[in-house]
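# Close look at the chain arrangement
If you want the building blocks of each chain, they are given just below.
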Amino acid sequence: YLNWCLKAYPLAEGRGSLVHSPIGFDLTITALFLPLLVGKTVVLLPEGKGVEGLCTMLLQEGDYSFIKITPSHLQALNRLLPPERVAGITRALIIGGEALRADHLRLWIDCAPATRLFNEYGPTETVVGCCIYEIDSREVLSVNIPIGLPIDNTEIYLLDPQGQRVPENLEG
């Protein structure tokens, strides 16, 4: 997974990442280890600071290579961040852990168009992620953001309600 991340995510620019989740949470794997593999900084937000603490750190420091976040935390962050300040906070948002909807991304698409947005799907199935979809800020988004394609060395099987594989290009 981390080898794949090294190729997929923008790590060369920015100052690293901010770990805002408990150490035992799966998204911490990406936020903690990935920057270290490329010699970047990892900032540990003290536990218990919540999304308000995350917001404060993002506004104080900024220019992170990426922030890994759940859609629920992103929604809370969107309510706290001043729209005029979101550009430059991070080079990328890696969003995962729950279904991602287009309305979660509106602030970033409108106010920080240079921020790359990734829907990383699969923590329940694979511990961290197994599929990725990069949102193009120019595309017309439907309500739900696609889960994308499998990462390297991964196969995805979509099933119908009876547990049978669905043909390619159909919903499962």
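Structural notes, computed from the coordinates. (Residues numbered from 1 in each chain as written. Predicted model: local features only at pLDDT ≥ 70, side-chain atom pairs only at ≥ 80, totals over all residues. Heavy atoms only, no water.)

### What about the overall build of the protein chain?
A tally of helices and strands in the protein chain yields 6 helices and 7 strands. At 16 Å, the protein chain has a C-alpha radius of gyration in line with the 16 Å of a compact globule built from 172 residues. When the backbone C-alpha atoms are referred to their principal axes, the protein chain occupies close to 50 × 35 × 30 Å. Looking at the protein chain residue by residue over its 172 residues, the buried ones come to 42%. As displayed, the protein chain offers around 9,300 Å² of accessible surface, 53% of which is attributable to carbon and sulfur atoms. With 13 positive and 20 negative side-chain charges, the protein chain shows a separation of 6 Å between the mean positions of the two kinds. (Helix = DSSP H or I, 4+ residues; strand = E, 2+ residues; numbered from the N terminus. Rg over C-alpha atoms; globule rule 2.2 N^0.38 Å. Buried < 20%, exposed > 50% of the residue type's maximum accessible area, 1.4 Å probe, protein only. Areas by Shrake-Rupley, 256 points an atom, 1.4 Å probe, with all protein chains shown as cover. Lys, Arg positive; Asp, Glu negative; His and termini not counted. Charge placed at Lys NZ, Arg CZ, Asp CG, Glu CD.)

### Some remarks on helix H3 (residues 50–60)
Those residues of H3 that fall on the buried side of the exposure criterion are Val-51, Gly-53, Leu-54, Cys-55, Met-57 and Leu-58. Contact partners of the buried residues in H3: strand E1 (16–19), strand E2 (41–44), strand E3 (67–69) and helix H4 (71–80). Following H3 by one or two positions, Gly-62 adopts a phi angle in the positive range, close to 65 degrees. (Contact = heavy atoms within 4.5 Å.)

### Considering the layout of surface pockets
Rolling a probe over the atoms, with the probe sized like a water molecule, indicates the empty space that remains. Computed from the structure, the largest pocket encloses a volume of approximately 730 Å³. Along the walls of the largest pocket sit 20 residues, with Ile-147, Gly-148, Ile-156, Leu-158 and Leu-170 positioned nearest its centre. Within the lining of the largest pocket, the residues separate by chemical class into 13 nonpolar, 3 polar and 4 charged. (1 Å grid on protein atoms, 1.4 Å probe; cavity = no way out; pocket = protein on both sides within 12 Å on 5 of 7 lines; lining within 4 Å. Points joined across faces, edges and corners; volume = space filled by probe spheres on them. Nonpolar A, V, L, I, M, F, W, Y, C, P; charged D, E, K, R; others polar.)

### Thoughts on helix H2 (residues 27–37)
For H2, every residue scored as buried is listed here: Leu-27, Thr-28, Thr-30, Ala-31, Leu-32, Leu-34 and Pro-35. Looking at the residues trailing H2, positive phi occurs at Gly-39, about 75 degrees.

### Topic: the side chain of Thr-30
Checked against the element boundaries, Thr-30 lands in helix H2. Within the structure, Thr-30 has its side chain in polar contact with the side chain of Tyr-1 (distance 2.7 Å). Contacts of Thr-30, omitting those with residues within four sequence positions, involve Tyr-1, Cys-5, Pro-35, Phe-66, Lys-68 and Val-128. (Polar contact = N/O pair within 3.5 Å; in protein donor to acceptor, adjacent residues only side chain to side chain.)

### Description of the pattern of salt bridges
Throughout the structure, instances matching the rule amount to 8 salt bridges. Put simply, Arg-91 and Glu-13 hold a salt bridge, and the shortest N to O gap is 2.5 Å. With Arg-91 in the loop between H4 and strand E4 (92–96) and Glu-13 in the loop between helix H1 (2–8) and E1, this residue pair connects regions lying 78 residues apart in the sequence. With a relative accessible area of 29%, Arg-91 lands in the partly exposed category. Where Asp-63 meets Arg-91, a salt bridge forms, and the shortest distance between an N and an O atom there is 2.7 Å. Separated by 28 residues along the polypeptide, Asp-63 in the loop between H3 and E3 and Arg-91 in the loop between H4 and E4 bring together distant segments of the chain. (Salt bridge = Lys/Arg side-chain N within 4 Å of Asp/Glu carboxyl O.)

Taken by themselves, the reported measurements are silent on function.
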